[in-house]
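# A closer look at the structure
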Amino acid sequence: MIPSLTYDAASDKAREECGVFAVRDVDDASVLVALGLHALQHRGQEACGITSYDGLGFHSERRLGLVGDNFTDPETLAGLKGRMAIGHNRYSTSGSGALRNVQPLYADVRGGGVAVAHNGNLTNARALREELVASGAIFQSTSDTEVIIQLAARSRKTNSAERLLQALRQIEGAFALVALTNDKLIGARDPLGIRPLVMGQLDDGVIFASETCALDMIGARFIREVEPGEAVIVSDNGIESRRYAPAEPARTCAFEYIYFARPDSVISGRSVYEARKRMGIRLAQECPADIDVVVPVPDSGMTSALGYATEIGKPFDLGIIRSHFVGRTFIQPTQAKRDLSVRRKHSANAAALKGKRVLLVDDSIVRGTTSKKIVRMVREAGAKEVHFRSACPAITHPDFYGIDMPMREELMAASHDSERMREMLDCDSLGFLSVDGLYWAVCQEARNDAAPQLADHYFTGEYPTRLIDRDRAIAAKEQQLSFLVDA
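A few points on the structure. (Residues numbered from 1 in each chain as written. Predicted model: local features only at pLDDT ≥ 70, side-chain atom pairs only at ≥ 80, totals over all residues. Heavy atoms only, no water.)

## As for the packing of helix 9 (residues 272-286) against helix 16 (residues 435-442)
Interaxial distance between helix 9 and helix 16 falls to 8 Å at its minimum, and their mutual angle equals 145 degrees. The two elements helix 9 and helix 16 cross, and the hand of that crossing is right-handed. Of helix 16, the residues touching helix 9 (which contributes Ala-275, Arg-278, Met-279, Ile-281, Arg-282 and Glu-286) are Asp-436, Gly-437, Leu-438, Trp-440, Ala-441 and Val-442. Within the contact of helix 9 with helix 16, the residues separate by chemical class into seven nonpolar, one polar and four charged. (Axes fitted to C-alpha atoms, helices over the stretch in contact; angles between N-to-C directions. Helix = DSSP H or I, 4+ residues; strand = E, 2+ residues; numbered from the N terminus. Left-handed = near helix turned anticlockwise from the far one by under 90°. Contact = heavy atoms within 4.5 Å. Nonpolar A, V, L, I, M, F, W, Y, C, P; charged D, E, K, R; others polar.)

## Describing the layout of surface pockets
Taken as a whole, the second largest pocket encloses approximately 230 Å³ of empty space. Along the walls of the second largest pocket sit 16 residues, with Leu-105, Tyr-106, Ala-107, Gln-140 and Glu-146 positioned nearest its centre. Looking at the lining of the second largest pocket, the elements that each hand over two or more residues are strand 4 (58-64), strand 6 (105-109) and helix 5 (145-154). Looking at which element gives the most residues to the lining of the second largest pocket, the answer is strand 6, with five residues. Grouping the amino acids of the lining of the second largest pocket by side-chain chemistry returns eight nonpolar, four polar and four charged. (1 Å grid on protein atoms, 1.4 Å probe; cavity = no way out; pocket = protein on both sides within 12 Å on 5 of 7 lines; lining within 4 Å. Points joined across faces, edges and corners; volume = space filled by probe spheres on them.)

## Focus: the packing of helix 4 (residues 125-134) against helix 5
At a closest axis distance of 10 Å, the pairing of helix 4 and helix 5 adopts a crossing angle of 45 degrees. In this view, helix 4 runs oblique relative to helix 5, as classed from their interaxial angle. Note on packing geometry: the crossing formed by helix 4 with helix 5 is left-handed. Between helix 4 and helix 5, the residues in contact are Ala-125, Leu-128, Arg-129 and Leu-132 and Val-147, Gln-150, Leu-151 and Arg-154, respectively. Broken down by class, the residue content of the contact of helix 4 with helix 5 amounts to five nonpolar, one polar and two charged. (Parallel < 35°, antiparallel > 145°, perpendicular 65-115°, else oblique.)

## Things to note about the sheet that holds strand 12 (residues 221-225)
If you trace the seven strands from one edge of the open sheet to the other, you get 4-3-5-2-11-10-12, paired in antiparallel fashion. Both outer strands of the open sheet, strand 4 and strand 12, are each paired with one neighbouring strand and no more. Each strand axis lies, on average, 15 degrees off the axis of its neighbour in the sheet, ignoring direction. Across seven bridges, the pairing between strand 3 (residues 47-53) and strand 5 (residues 84-90) is antiparallel. Across the sheet, the residue bridging to Cys-48 is Asn-89, located in strand 5. Its contacts with the sheet place helix 1 (residues 29-39) against strand 2 (18-24), strand 3, strand 5 and strand 10 (198-202), and it is angled at close to 25 degrees to strand 5. (Pairing = 2+ DSSP bridges.)

## Digging into the packing of aromatic side chains
This structure, assessed with the given rule, holds eight aromatic pairs. Each ring, one from Tyr-53 and one from Phe-58, has its centre 4.7 Å from the other, and the planes form 45 degrees; the classification is tilted. Note on accessibility: Tyr-53 and Phe-58 belong to one class, buried. When the ring centre of Phe-139 is taken as reference, the NZ or CZ atom of Arg-129 above it lies at 4.2 Å. (Phe/Tyr/Trp six-rings, centres within 6.5 Å; stacked < 30°, edge-to-face > 60°. Buried < 20%, exposed > 50% of the residue type's maximum accessible area, 1.4 Å probe, protein only. Lys NZ or Arg CZ within 6 Å of the ring centre and 35° of its normal.)

## Considering the pattern of salt bridges
For the coordinates displayed, the defined rule picks out 30 salt bridges. Between Glu-256 and Arg-43 there is a salt bridge, and its shortest N-O distance comes to 2.9 Å. Taken together, the positions of Glu-256 in helix 8 (residues 254-260) and Arg-43 in the loop between helix 1 and strand 3 put the pair 213 residues apart, joining distant regions of the chain. Residue Glu-256 is classed as buried on the basis of its relative accessible area, which comes to 0%. Since its relative accessible area comes to 1%, Arg-43 is described here as buried. Residues joined in a network through salt bridges with shared partners are Arg-24, Asp-25, Asp-27, Arg-83 and Asp-236. (Salt bridge = Lys/Arg side-chain N within 4 Å of Asp/Glu carboxyl O.)

## A closer look at the pairing of strand 18 (residues 293-296)
Burial along strand 18 is two-sided: Val-293 and Val-295 and Val-294 and Pro-296, pointing in opposite directions, are all buried. Bridge analysis of strand 18 against strand 21 (residues 357-362) gives four bridges, and the strand direction is parallel. Within strand 21, the position partnered with Val-295 by the bridge is Leu-360.

Here you go:
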């Protein structure tokens, strides 16, 4: 999706845009989709939607808010009839929150209806949209998911799957997509596999999901990942694999391992939990410190901090307690109120900190605003020293593939060296995992500079695809792109 992106200043984290889930040939399909979306709630908390098909027509519910607040009512689920359904979780930003952007998006096209749910960003969506509008297309949303639907609708192919495949051949960027037609369920992944999409089975039913943890939620068996550049078409005739783009080695987003995915998920055959633990182990080897206790910045720093503590043989303790019931706090009218959001979300546990040399481990440092406040909070709780470690390399470049991240000039590591960042954070020492260390932890092999195994442009500046919309933008500086801004 390519909404107007506003950085989450309160959490100071890069954020994934959304998650998708789809089922076919199961009773009460919408109930399973709701459960799957609940397992993927971490990928999007602003809105959610489900579209089903019962052999006669499509049924759709799109709501603002959490899955549990919208799709637990039996009456709502009963209205989503059918044995095929797709669903979507959307990440919250301060803009583009209108209901018209909540997915799945649906349209009547030649041969019947089509509903699409999509995770990621198209890097040529603006260019395609301008061409479509010039030829008479009318858009109802600000999402680039609608670009895909418009391209499919204009295809001269008579088969619904062929129309979608023709649309996929025209788009660029990162995406995991599920689509529902009158007779087919389709799952597709971008040509480099930047965004994850897995396939599972429940009895005779077929499942598509952004992460394996969602398969576990409904008791489905993992079959395989949808390959980069592949579309899997499920119909009454069975399961068909169609390659719409040449086969290339996957370059999964590095942040799936660092932060986005749930620890109990498996991506490209790699345990996210084990990868994060190895990040902490390697971080301890690369950036040691003479300390008394290792404290994670919850929740995302937990596993890496455990690896760090295990490697150096020091205690792992919960020196920071996170509240899980704060709700949305980043849209605040004043800076003073935004500053309070850190203490609303995190509280220092003085019993674990007072008089100790503390080493904090977080998954990443983006702008550094929250990191600085956490360091101050730990000092105020009585810590003798405060050392800070990032379980991923320094982030020096923005993203254009569906991650809510600041522009380059706002990234702390883009314009400051390590010593200056240490001073700004007011910590006793600062360290980042190296790019080599990241590859050791995730891939357990060295980075292939000729063909990197991960999308690691955040740290290297090597973008895996063309950035057509960015390059066409009037502004000379790199920026997040949007079509419109919703009031």
